[in-house]
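Observations on the three-dimensional arrangement
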Amino acid sequence: QVQLVESGGGLVQAGASLRLSCAASGSIFRIGTMGWYRQAPGKQRDLVASVDRSGSTDYAKSVSGRFTISRDNAKNTVYLQMNSLEPEDTAVYYCNAETWYMPRTYYWGQGTQVTVSS
């Protein structure tokens with residue numbers, strides 16, 4: 001099993017920055033790609049950004065240029081630096097990890113609330 005623990009959420013004003021962290025523990029040798037998803041009230045959970053073990057990244061169009069995902073394999077931690085935050089970024093942010101082998105197994109953190117006021 002893999003355990004994911006997020007931190008770094010909070011309440012900020014529009015234009016501010018936040019950094020989310022997600023520390024992985026347990027059977028970390030299983031982990032391939034890690035990422036961040038978010039879910040706003042009444043909406044589905046969507047991918048925000050992901051990073052594979054080589055460091056290749058992928059971003060949702062809505063956050064490209066404002067958010068940066070990074071990964072420290074030595075610390076088994078993935079980060080999401082969020083700049084120029086907008087009220088539309090308000091959501092619960094979930095850390096995700098998936099196994100590198102098939103069939104894929106997906107692991108989720110407990111979620112951290114990010115609220116951006118206008």
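The preceding data block contains the structure.
Quick caveat: nothing in here was measured; it's all calculated off a predicted structure.

**Quick notes on the overall build of the protein**
Along the protein, the regular secondary structure elements total zero helices and 11 strands. Taking 2.2 N^0.38 as the reference for a compact globule, 118 residues should give roughly 13 Å; the C-alpha atoms of the protein span a radius of gyration of 14 Å, in line with that estimate. Along the first, second and third principal axes, the C-alpha atoms of the protein reach 40 × 25 × 25 Å. Relative to its full complement of 118 residues, the protein shows a buried share of 40%. Looking at the protein alone, contacts between residues at least 24 apart form 53% of all its contacts between residues at least 6 apart. On the protein, roughly 6,200 Å² of surface is accessible, and the fraction owed to carbon and sulfur atoms is 49%. The average position of the 11 basic charges and that of the 9 acidic charges among the side chains of the protein differ by 5 Å.

**What to know about the sheet that holds strand β7 (residues 67-72)**
Here we have four strands laid out as an open sheet, ordered β1-β3-β8-β7, and antiparallel in their pairing. Either end of the sheet is taken by a strand with one partner, and the two such strands are β1 (2-7) and β7. Looking at each pair of strands side by side, their axes are set apart by 15 degrees on average, direction ignored. Judged from the six bridges that link them, strand β3 (residues 18-26) and strand β8 (residues 77-82) form a sheet pairing that is antiparallel. Counterpart to S21 in the pairing with β8 is Y79.

**Here's the deal with the packing of aromatic side chains**
The full count for this structure, using the stated rule, is two aromatic pairs. With centroids separated by 5.0 Å and ring planes inclined at 70 degrees, the aromatic side chains of Y37 and W108 adopt a geometry described as edge-to-face. Here the residue Y37 occupies a position in strand β4 (residues 31-39), and W108 occupies one in strand β10 (residues 106-108), the gap between them amounting to 71 residues. Considering the side-chain rings of W100 and Y101, the 5.2 Å spacing of their centres and the 85 degrees angle between planes classify their relative orientation as edge-to-face. For Y101, a relative accessible area of 28% corresponds to the partly exposed category. A cation over a ring is seen here: R45 above W108, with NZ or CZ 4.7 Å from the ring centre.

**Re the state of the cysteines**
According to the stated counting rule, one finds one disulfide in the structure shown. Each disulfide pairs two cysteine sulfurs, and for C22 the partner residue is C95, the sulfurs being separated by 2.0 Å. Every disulfide takes its handedness from the sign of the S-S torsion; for C22 and C95 that torsion is -80 degrees, giving left-handed. With C22 in strand β3 and C95 in strand β9 (residues 91-99), the pair connects residues that are 73 residues apart, well separated along the chain. We note that C22, like C95, is buried.

Rules used throughout
- Residues numbered from 1 in each chain as written.
- Predicted model: local features only at pLDDT ≥ 70, side-chain atom pairs only at ≥ 80, totals over all residues.
- Heavy atoms only, no water.
- Helix = DSSP H or I, 4+ residues; strand = E, 2+ residues; numbered from the N terminus.
- Rg over C-alpha atoms; globule rule 2.2 N^0.38 Å.
- Buried < 20%, exposed > 50% of the residue type's maximum accessible area, 1.4 Å probe, protein only.
- Contact = heavy atoms within 4.5 Å.
- Areas by Shrake-Rupley, 256 points an atom, 1.4 Å probe, with all protein chains shown as cover.
- Lys, Arg positive; Asp, Glu negative; His and termini not counted.
- Charge placed at Lys NZ, Arg CZ, Asp CG, Glu CD.
- Pairing = 2+ DSSP bridges.
- Axes fitted to C-alpha atoms, helices over the stretch in contact; angles between N-to-C directions.
- Phe/Tyr/Trp six-rings, centres within 6.5 Å; stacked < 30°, edge-to-face > 60°.
- Lys NZ or Arg CZ within 6 Å of the ring centre and 35° of its normal.
- Disulfide = S-S within 2.5 Å.

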